[in-house]
Amino acid sequence: AQSVTQLDSQVPVFEEAPVELRCNYSSSVSVYLFWYVQYPNQGLQLLLKYLSGSTLVKGINGFEAEFNKSQTSFHLRKPSVHISDTAEYFCAVSTPNDYKLSFGAGTTVTVRA
Amino acid sequence: DAGVTQSPTHLIKTRGQQVTLRCSPKSGHDTVSWYQQALGQGPQFIFQYYEEEERQRGNFPDRFSGHQFPNYSSELNVNALLLGDSALYLCASSLRQAGNSPLHFGNGTRLTVT
């Protein structure tokens, strides 16, 4: 079975500063990796996904992530955050023969002016 | 184009009662998954329905059951409610069963068990 560990539960950051959210995964087979964002009182919205190919993945709202197979990581980055990026971020993993997503516990990002 | 819609948005039940949550998938999607998100935690997979059959199930007791209708909409039923069932229940839809098919989530149903 696969699992995800998000290494930071809370990340405070100033507006226009860069941010990195760390995600490590565990799996005995090849994986698909995802980052989702959840704004207060809303469902989850897909930011980006890695299925295969280029290890640098670009998503919506200026976010990008890099798949590192040797370190089993999929860290999310944004070079300059906005107040509106304040939200909960979830890393998730699935495999080609598995129908479910396994989520990490989430990272709360709070952007301050 | 309507996304995933869930009803009701909020629900308060008493221990021992039964509850039914409803989900309409995004237009064109044929697969529905249900997740439970406890406060401060990531979503946990309950089960997935495709072609009106349960295709995969997470580590949830038989008190949790579901159904998918011919129009692809779905229901989640929980019997004999416990305080620990209080959570946000998320429905997600996708186009096919493959693991790389992105999930589209609804805004959830907030269930409070007292």
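Note that the structure is a prediction, hence the values are computed from the model and not measured. (Residues numbered from 1 in each chain as written. Chains lettered and ligands numbered in written order. Predicted model: local features only at pLDDT ≥ 70, side-chain atom pairs only at ≥ 80, totals over all residues. Heavy atoms only, no water.)

K.L.:
Is there a simple way to think about unusual backbone geometry in this case?
P.N.:
Excluding glycine, most residues fall at negative phi; most peptide bonds, likewise, are trans. Residue Pro8(B) follows Ser7(B) across a cis peptide bond; omega there is -10 degrees. Relative to the helices and strands, Pro8(B) resides in the loop between strand E1 (5-7) and strand E2 (10-13). Positive phi, normally seen in glycine, also occurs at Glu16(A), with a value near 75 degrees. Take Glu16(A): it is sitting in the loop between strand E2 (10-14) and strand E3 (19-21). Positive phi values are uncommon outside glycine, yet Tyr72(B) reaches one of about 80 degrees. Mapping Tyr72(B) onto the fold places it in the loop between strand E7 (64-68) and strand E8 (74-78). (Helix = DSSP H or I, 4+ residues; strand = E, 2+ residues; numbered from the N terminus.)

K.L.:
Where do I start with the state of the cysteines in this structure?
P.N.:
Linking two cysteines covalently via their sulfur atoms produces the bond known as a disulfide. For the coordinates displayed, the defined rule picks out two disulfides over all chains. Shown here is the disulfide that connects Cys23(A) with Cys91(A), its sulfur atoms set 2.0 Å apart. Taking the torsion about the sulfur-sulfur bond, which here is approximately -65 degrees, the covalent link between Cys23(A) and Cys91(A) counts as left-handed. Remark: Cys91(A) occurs in strand E10 (residues 87-94) and Cys23(A) occurs in strand E4 (residues 23-26); sequence separation between them is 68 residues. Judged by its relative accessible area of 0%, Cys23(A) falls in the buried class. Between Cys23(B) and Cys91(B) runs a disulfide, and the two sulfur atoms are separated by 1.8 Å. The disulfide joining Cys23(B) to Cys91(B) has a torsion of about -65 degrees about its S-S bond and is therefore left-handed. (Disulfide = S-S within 2.5 Å. Buried < 20%, exposed > 50% of the residue type's maximum accessible area, 1.4 Å probe, protein only.)

K.L.:
Explain the interface of chain B and chain A to me, please; I cannot follow it from the model alone.
P.N.:
Accessible area lost when the parts come together is the quantity often used to give the size of an interface. On the side of chain A, 21 residues touch chain B, which itself brings 20 residues to the contact. Counting the surface lost from both chain B and chain A, the interface buries some 1700 Å², and carbon and sulfur atoms represent 57% of this. Summed over the shared surface of chain B and chain A, the number is zero salt bridges. Taken together, the links from chain B to chain A amount to four residue pairs in polar contact (both at pLDDT 80 or more). For the side of chain B that touches chain A, the secondary-structure elements that each account for two or more residues are strand E4 (31-37), strand E5 (44-50), strand E6 (53-57) and strand E9 (87-94) of chain B. (Contact = heavy atoms within 4.5 Å. Buried area = accessible area lost by both parts, 1.4 Å probe. Salt bridge = Lys/Arg side-chain N within 4 Å of Asp/Glu carboxyl O. Polar contact = N/O pair within 3.5 Å; in protein donor to acceptor, adjacent residues only side chain to side chain.)

K.L.:
Teacher, can you tell me more about the sheet that holds E1(B) here?
P.N.:
Within a sheet, neighbouring strands are paired by backbone hydrogen bonds and run either parallel or antiparallel to one another. Residue and element names in this part refer to chain B. Spatial ordering of the open sheet is given by E1-E3-E8-E7, a layout of four strands whose pairing is antiparallel. Whereas interior strands pair on both sides, the edge strands pair on one side only; in this sheet they are E1 and E7. Strand-to-strand twist of the sheet, defined as the mean angle between neighbouring strand axes without regard to direction, takes the value 20 degrees. Here E7 runs beside E8; their pairing, made up of five bridges, is antiparallel. Of the residues in E8, the one forming a bridge with Gln-68 is Ser-74. (Pairing = 2+ DSSP bridges. Axes fitted to C-alpha atoms, helices over the stretch in contact; angles between N-to-C directions.)

K.L.:
How do you make sense of the side chain of Asp85(A) when you look at a structure like this?
P.N.:
You can see Asp85(A) is positioned in the loop between strand E9 (73-78) and E10. For Asp85(A), the residues in contact, after removing those within four places along its chain, are Phe63(A), Lys78(A), Val109(A) and Val111(A).

K.L.:
In this structure, what is going on with the environment of Gln71(A)? I would like to understand it.
P.N.:
Structurally, Gln71(A) can be placed in the loop between strand E8 (64-68) and E9. In sequence terms Gln71(A) and Ser30(A) are 41 residues apart; their C-alpha atoms lie 14 Å from each other.

K.L.:
What exactly am I supposed to notice about the environment of Thr5(A) here?
P.N.:
Residue and element names in this part refer to chain A. Take Thr-5: it is sitting in strand E1 (residues 3-6). Along the sequence, Thr-5 and Leu-76 sit 71 residues apart, while their C-alpha atoms lie 13 Å from each other. If we ignore the near neighbours within four places in the chain, the residues touching Thr-5 are Arg-22, Cys-23 and Asn-24.

K.L.:
Please clarify how the nonpolar core should be interpreted in this entry.
P.N.:
Burial of nonpolar side chains together is a common tendency in soluble globular proteins. Counting 28 residues, the largest nonpolar core has Trp35(A), Leu48(A), Leu76(A) and Tyr89(A) as the members making the most contacts within it. Filtering out sequence-adjacent residues up to four positions away, Leu76(A) remains in contact with Val19(A), Glu20(A), Leu21(A), Trp35(A), Leu47(A), Leu48(A), Phe63(A), Glu64(A), Ala65(A) and Tyr89(A). In this structure, Val4(B), Leu21(B), Tyr49(B) and Leu111(B) belong to the second largest nonpolar core, which totals 20 residues. (Core = buried A, V, L, I, M, F, W, Y, C linked by side-chain atoms within 4.5 Å.)

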